[in-house]
Structures are given as structure tokens and as C-alpha cells.
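Understanding the architecture of this molecule
One-letter residues, chain by chain:
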Amino acid sequence: MALAAGFDPARIHMHGNNKSDEEILMAARAGVGNLVLDSFDEIERCERLLDAPMKALIRVTPGIKPSTHDFITTGQLDSKFGFGIADRLAARAIERVLASEQLDLVGLHAHIGSQIFELEPYRLAIAALGELAGDWCRVVDVGGGLGVAYTADDAPPSIDDYVDVKVRGVREVFGPGVRILVEPGRSLVANAGITAYRVGTVKEIPGVRTYVAVDGGMSDNLRPMLYGSRYEALIADRAGVEPDTLVTVAGMHCESGDVIVRDAMLAAPAVGDVLVTPATGAYGHAMASNYNGVTRPPVIFCAGGEARVVVRRETYDDLTARDV
Ligand SMILES: Cc1ncc(COP(=O)(O)O)c(C=O)c1O
């Protein structure tokens, strides 16, 4: 595996609750900085595979459950990720890895979930990690999680407040010498992206609902179907016009649940319009699929009036390229 130019592998962490032999070896050969250990099976796997010690963090589930969708909370005790504190699995994992010749335990990791609008859960999670601290702990990775505004009603904390609670928390609990790592994902990119769809049909069911169907859906944005996530929608060339029509924006897939926005007010939507959903820069393209044989859309970067394609539109030939 070749890393893109400019990436320093030593600054990369390897995550995942089920890393294969091949992935662990690939990470070791590439010089990945830290393995984030998730299970006793994985510790055994590393001990069997590695011939030189690799730096490692223990992923801890601190027992904190922020108010976000269940599918994106990850720090509660009942989790497929990491080692719990309350069940003493984290303490046992630490003991085990400290005694390992193939793993060099340098710190702790906790990612309690995503799209979080409160700051208190981070403070509580860091305090809980503190129960496990020892001389060996030189790195504390406090994960990502900062929520973003998908609609005008959403009011996430500021980046400054988010960083402050994490940095201050680690300093207070672990002392000044510990290296702090933060893993923001969504908050870096969500509001940098929009999705532009073409309206294909407008179906009015008198007295019931009007469906505006677009040329995408759950294959390019699974979040509404997976987590009930809410989005806004507007017609691109009438963004300044007062919306007058209550519609349901539906995708083109074979599920009735393929609904992108349940209730959206649009300005006189019509076939051929370009319909935009803002804030799709995170977990959209990354979660896209070819469901129903749909080709994935391109990714286009725009700045200063210029546009360039950075991921080309998928073709039907791409869909069959791996068939043998
Ligand atoms: C371990 C880990 N860190 C960070 C992130 C990024 O989270 P977010 O996009 O909420 O900032 C994720 C997302 O799944 C993750 O699994």
C-alpha cells in the first residue's frame, strides 16, 4: 500500500474493531504511528504477527452515552468497540499490553460518539479515562464527535469550546506532559459539501402529499434512512425565492423509506430543477453505494468561482469492472 504524498505514516492511527492479519501487517510495514487496540483477540493477533514492537493505544469505552442517535454512540459499556472501565476489561487490557514484547503501550483512546451537541460528556469521559492513568500514559486521544448544523435549528458548540473542554480536561486529569490527540471528522467537512440532484418527477397525491423525486437517494446519502437525520432542501436557482410548496423529497430507489427530506418547503418545484441539500460533506460520499445498480455521482471541489472534478462520475462499465 502506498500512502499519498505528504502523509507521514507515523502520524496515522489504525482504528477498527476487527483488524485483519493483513491490515495489521500493512500498518506495521507502512510505519503507522499507533495501533488503537480494540479487543483481546486483536492483542493476540498483534503478538503473533509483529516482529518489532509497535506503539499502541487502548481504546476505552468509558461508559458515557451522549445524546445522539444510538447507532453513532460508541462510548457506552454495551459497545462493539474497545474495553470497558466498569467491567474492568480496560484495566486487564492495560496489564496485558504492558507485559507484551510486541506492543509498546503509550496511551489511551476514547471516541464516545458522533454528532454530539453537548460538551459535558467529553469532560466525563476524560475523567473516567483518568481512572486508568499510569506512568506509561504519554498520549491521550479523545476522539472526534463535534456535531454540525444540518438545519437552521441545529446549534452545535463552537470549535473553540470543543477544543477547550478536551484540552483542559486532559491537562487537569493527566497533567501537563501528556500529548493530546483529537480526531474530528464530520465537523471538518460536513458544511463544506452540498449535494445537487436533478428533479425527475413531481407527484401530487391530492390532500395527502407531494413527492419530488430526484436522481439519487439512499445510495448517496444513507443518513436520513439510517439515523433519521434531518436535512434542508432548496431549488438551486430559486434560493432567494420564498418557498411555497410543502413536499417530500424522495430518492430513486426501490424502498418507500428512500426519503431524503420528509417535509421540505420548496419554491415551485418542477421537473428538471436542480435540488440542493446542504451539509452533505461528511458521511455522504464515504457511505455511498451502488444499490440498485446506481452509479455514484462525482465529487467536485469549488472555490473562487472555479470548479474541478476530484472524483469522476461512476460509469456502467465501472459497475461490472470487478465481475469475473
Ligand atoms: C475512532 C473514531 N474517531 C473519530 C471519528 C470521527 O468522528 P466525527 O465525525 O464524529 O468527528 C470516528 C467516526 O466514526 C471514529 O470512529
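Structural data are supplied above this passage.
First, a word on what this report is: a plain description of the structure on this page. (Residues numbered from 1 in each chain as written. Predicted model: local features only at pLDDT ≥ 70, side-chain atom pairs only at ≥ 80, totals over all residues. Heavy atoms only, no water.)

A look at the pairing of strand S9 (residues 209-214)
Where strand S8 (residues 194-205) lies against S9, six bridges are found, and the strand directions are antiparallel. Across the sheet, residue Lys203 finds its bridge partner in S9, namely Tyr211. Between the end of S8 and the start of S9, which pair antiparallel, lie three residues, with Gly207 showing a positive phi angle near 75°. With three bridges connecting them, S9 and strand S11 (residues 245-250) associate as parallel partners. If you follow Ala213 over to S11, its bridge partner there is Ala250. (Pairing = 2+ DSSP bridges. Helix = DSSP H or I, 4+ residues; strand = E, 2+ residues; numbered from the N terminus.)

Here we look at the site of the ligand
Around the ligand, the neighbouring residues are His15, Arg59, His111, Ser114, Gly144, Gly145, Glu183, Pro184, Gly185, Arg186 and Tyr283. Interatomic distance of 2.8 Å between a backbone N/O atom of Gly185 and an oxygen atom of the ligand. Protein chains shield 79% of the accessible area of the ligand, which is 400 Å² for the free molecule. Residues that form the shell around the ligand fall into these classes: two nonpolar, six polar and three charged. (Near = heavy atom within 4 Å. Polar contact = N/O pair within 3.5 Å; in protein donor to acceptor, adjacent residues only side chain to side chain. Areas by Shrake-Rupley, 256 points an atom, 1.4 Å probe, with all protein chains shown as cover. Nonpolar A, V, L, I, M, F, W, Y, C, P; charged D, E, K, R; others polar.)

Description of a positive patch on the surface
On the surface, Arg11, Lys55, Arg138 and Arg179 cluster together into a patch of positive charge. One can find Arg11 in the segment before strand S1 (13-14). Since its relative accessible area comes to 65%, Arg11 is described here as exposed. (Patch = residues over 30% accessible without salt bridge, like charges linked within 9 Å, V, L, I, M, F, W, Y side chains within 5 Å. Salt bridge = Lys/Arg side-chain N within 4 Å of Asp/Glu carboxyl O. Lys, Arg positive; Asp, Glu negative; His and termini not counted. Charge placed at Lys NZ, Arg CZ, Asp CG, Glu CD. Buried < 20%, exposed > 50% of the residue type's maximum accessible area, 1.4 Å probe, protein only.)

Nothing here speaks to function; it is geometry throughout.
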